[in-house]
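# Structural description and commentary
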2 protein chains.
Amino acid sequence: MLTLQDIAITQWSQLTRSEQQATLARPEQSRSAQLKETVRNIIERIKLEGDVALLDYTRQFDCADIEQLVLDDAQKQALLAQVSDRAKAAIDKAYDNIRAFHVAQTPEDITLTTSPGVQCTLKYTALESVGLYIPGGSATLPSTALMLGVPAQIAGCKTRVLVTPPNKQGEMSPEVVYAAEKCGIETLVMCGGAQAVAALAYGTESVPKVDKVFGPGNAFVTEAKQQLSQNDSGISIDMPAGPSELLVLADDTANPRFVAADLLSQAEHGPDSQVILVTPSAAVASAVQAELVTQCNALPRIDIARQALASSRLIVTQSLAEAVAVTQRYAPEHLAVQTEDAAELSAQLTTAGSIFVGHYTPESGGDYATGTNHVLPTYGYAKNYSSLGLLDFYRRYTLQEVTREGLAELAESITTLADIEGLDAHKRAVTIRLEAQEGNS
Amino acid sequence: MLTLQDIAITQWSQLTRSEQQATLARPEQSRSAQLKETVRNIIERIKLEGDVALLDYTRQFDCADIEQLVLDDAQKQALLAQVSDRAKAAIDKAYDNIRAFHVAQTPEDITLTTSPGVQCTLKYTALESVGLYIPGGSATLPSTALMLGVPAQIAGCKTRVLVTPPNKQGEMSPEVVYAAEKCGIETLVMCGGAQAVAALAYGTESVPKVDKVFGPGNAFVTEAKQQLSQNDSGISIDMPAGPSELLVLADDTANPRFVAADLLSQAEHGPDSQVILVTPSAAVASAVQAELVTQCNALPRIDIARQALASSRLIVTQSLAEAVAVTQRYAPEHLAVQTEDAAELSAQLTTAGSIFVGHYTPESGGDYATGTNHVLPTYGYAKNYSSLGLLDFYRRYTLQEVTREGLAELAESITTLADIEGLDAHKRAVTIRLEAQEGNS
């Protein structure tokens, strides 16, 4: 049972500076020495033993005794046959919207003549190989398979490997397989946790080595991504991951039932989810508090939601402007703006992963089907990391082509800068060319 | 003295698979336990003691006994007065080209109606605050100040902080100050090493805290960036850094004098620089070998270049196609293509930081003045990291605005996916809205 006492209402202006800081602080992340050591050992063993270790960890951590990591065609077909028409239609609709919004992000190369005879180009190229991590365990997450699989498909990454832990019966989720098929992912691997990320980073007999690993996960997955992105595997990762968050910015036009429903939809993700209401209206805060109690007690996942609400806040500010400032400072992963003129207000809000504008835009819309990506920066990283998009499946590099005349024109600048920086060979690479007889190349 | 014996020529096809791997291996990076511990202690002390520790480390590591970290106007004016007209003109020319090529990269927001009543937007916003690290020590690097300062200026990052170690007289390089002024950077701080990165990450009395730190540096700077990008400071960084590299891909139309000059311009950067020639022409390889000896022995920085050449390679392949494959596999930071139809061949080459196309495009052109950025992925990261560009000074985030009708249209997809994923509150956030009387919001 959740009661009113479990959810405090905070008056922002009555807090000291350090209390304000504490109010917006994220729950501390456990990156303990023991976690680091466990993950380091898992990585080391996967690197040395490959599939043998991967199968062993899958038995140990996922309680699944499988003999074959990669799904073959027969397995895929058998799983696909289990997917209901209703599930297919839901995934198809989400796929279409996600695809449309990500296709619209297709980058274009840029070519410019910066000075006569000097042509510079910025080119985009799809990453050659990507690993897509789909969390498993109790839930099955076809939506995450779409969020990672669709942009990888549009970019045209040649090698796309999806990994996800099997259930205790040693099977992959049929809906995840259906989503993966839509995205044209050929290699589906039954493994999860730190061991799956390590397998993608180094490659094993069954799992192709990839250049970049995407996707959310638990503390082990996150730690493995962190370690592998700085070690000899040479992989890169999408972004640092933390528990999921929602901040609702509401004024007195907000419907407290909608606000409470949104806060709970975030709270049910996990006990470490953080949900925050910021509003200049004390009446809305009280009404949301009451609605949270009513609605929470009717939820199947009440235990998870209750724990999440314990570290959550209902903050009353003195003005809408102050509410905006608090929001910008918190930098939420998900930001719902439920105010009059929500679109106008949203233009002032820049530090968020994704913004849900207006009373009829629930966060769960973007989680699944509006078309935006649901892989977003958490834990305050919405200040300096981008939301996942098509561009994360490309890399940018440059070219320049200079004619003899173009080089002559740049020579004075290059050689002077080389002099200032004390780099004589840099200078000579220019002068040796200009001294050469034309055509002597 | 460098002799022919110091530079071996390798026949690629005669190597075993593991010899090929060793030939393309990067020199191992020392990320020793001791380095990590030293940097961890420096970070901890800066976090606790701020300016006091920063001044102390500057005395200790840069041998500069300064009392004031941030340049005031009088100091700036005095330094600017020392910059020669020739230096100003060289920096102005480089600035113009870099600015033109980076302005051309200005991103545009994307808005799309993915289904009726569902509008999705991808927005770009400049990072609020950025820290720009300019290495110092023996050299002074105004070019790096431009490469970081110009895109920060174009993006319009509000807080731009440049840090660079002072010389032993406690002064900043006049040319760096001039470049910074051109880029409109107001805060110039005399500090370097791990302590400077820590100061940017946490802020001190003098140094503003920033959201993202850019720029190359030595092993201490690199280690500090790695640690701080994964700790409680919450900063992000541009990319992992390693020693500089150049690979020249040449055929028999290449001029061995030009090739050798380019290889040496890279080799003089530091003893750990790696330079590689890949060519199907044994004659070119021999001629370049001879030219390296001649030219190297005439360089002021011969000692550095000699050490770098020790870990460098001249590789002869059986065909141009094989040379391309070797190049793609190595994924060099800098790639010079000195062949017939260099532009055409370059279109096949995708794993490089920056490509220098044709006989008259020396690497030092791009280091300074063509317009491309010289902050590039090294150490094989040209497979999965982008070259620095304007976009690195922005972040992307999304918005969605859904009408009641739009939500009704998406409802079946959202609620079905919520059912599959077992997230009841996600479903309720939709149904509660559609059950509500129209206008009851």
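Just so it is clear, the model here is predicted, and its values are computed rather than measured. (Residues numbered from 1 in each chain as written. Chains lettered and ligands numbered in written order. Predicted model: local features only at pLDDT ≥ 70, side-chain atom pairs only at ≥ 80, totals over all residues. Heavy atoms only, no water.)

### So, the overall build of chain A
Rules: The way it works is that DSSP assigns letters per residue, a run of H or I at least four long becomes a helix, a run of E at least two long becomes a strand, and they are numbered from the N terminus. For the exposure calls, accessible area comes from a 1.4 Å probe over protein chains only, and a residue counts as buried if that area is under 20% of its type's maximum, exposed if over 50%, partly exposed in between. Throughout, the Shrake-Rupley method with a 1.4 Å probe supplies accessible areas, and for residues the shown protein chains are the sole cover considered. By the counting scheme adopted, Arg and Lys are positive, Glu and Asp are negative, and His together with the chain ends is not counted. A single reference atom marks each charge: NZ on Lys, CZ on Arg, CG on Asp, CD on Glu.
A tally of regular secondary structure across chain A gives 17 helices and 14 strands. The C-alpha extent of chain A, read off along each of the three principal axes, is 85 × 60 × 45 Å. Burial statistics for chain A: of 441 residues in total, 62% are counted as buried. For chain A, the exposed surface amounts to about 15800 Å²; the carbon and sulfur share of it is 48%. Averaging the positions of the 33 positive and the 53 negative side-chain charges in chain A gives two centres separated by 3 Å.

### Details of the interface of chain B and chain A
Formally: Here, residues are in contact when the closest pair of their heavy atoms is within 4.5 Å. Throughout this description, the term salt bridge denotes a Lys or Arg side-chain nitrogen within 4 Å of a carboxyl oxygen of Asp or Glu. Identification of polar contacts relies on pairs of N or O atoms within 3.5 Å, with a donor-acceptor requirement for protein atoms, meaning one able to donate a hydrogen and the other able to accept it, and with residues adjacent in sequence counted only if both atoms are side-chain atoms. Classes in brief: Ala, Val, Leu, Ile, Met, Phe, Trp, Tyr, Cys and Pro nonpolar; Asp, Glu, Lys and Arg charged; the others, Gly included, polar. For two strands to be treated as a pair, DSSP must find at least two bridges joining them.
Across the contact, 126 residues belong to chain B and 126 residues belong to chain A. Along the contact surface separating chain B from chain A lie 10 salt bridges. Residue aspartate 392 of chain B is joined to arginine 396 of chain A by a salt bridge in which the shortest nitrogen-to-oxygen separation is 3.2 Å. Where chain B meets chain A, there are 74 residue pairs in polar contact (both at pLDDT 80 or more). Sort the elements by how many residues they give to the side of chain B that touches chain A and helix α16 (residues 404-421) of chain B lands first, with 14 residues. By residue class, the composition of the side of chain B that touches chain A is 54 nonpolar, 49 polar and 23 charged. Relative to strand β13 (residues 354-357) of chain B, strand β14 (residues 394-402) of chain A is paired through four bridges, and the arrangement is parallel. Paired with threonine 398 of chain A across the two strands is serine 354 of chain B, which belongs to β13 of chain B.

### Structural notes on the UniProt feature "binding site: NAD(+)" (unreviewed entry) in chain A
Residue and element names in this part refer to chain A. Here is the rule: UniProt positions are given in the numbering used here, feature names are shortened, and annotations may be inferred rather than shown by experiment.
UniProt marks Tyr133, Gln195 and Asn218 with the feature "binding site: NAD(+)" (unreviewed entry), using the numbering shown here. In summary, the annotated positions, though distributed over 86 residues, converge in three dimensions, the widest C-alpha pair being only 12.4 Å. By secondary structure assignment, the location of tyrosine 133 is in strand β4 (residues 129-133). Of the polar contacts made by the side chain of tyrosine 133, one reaches the backbone nitrogen of glycine 193; its length is 2.7 Å. Relative to the helices and strands, glutamine 195 is located in helix α8 (residues 193-202). For glutamine 195, a relative accessible area of 3% translates into the label buried. With residues up to four places along the chain from it excluded, the contact list for glutamine 195 reads Ile42, Ile46, Leu54, Tyr57, Phe61 and Asp62.

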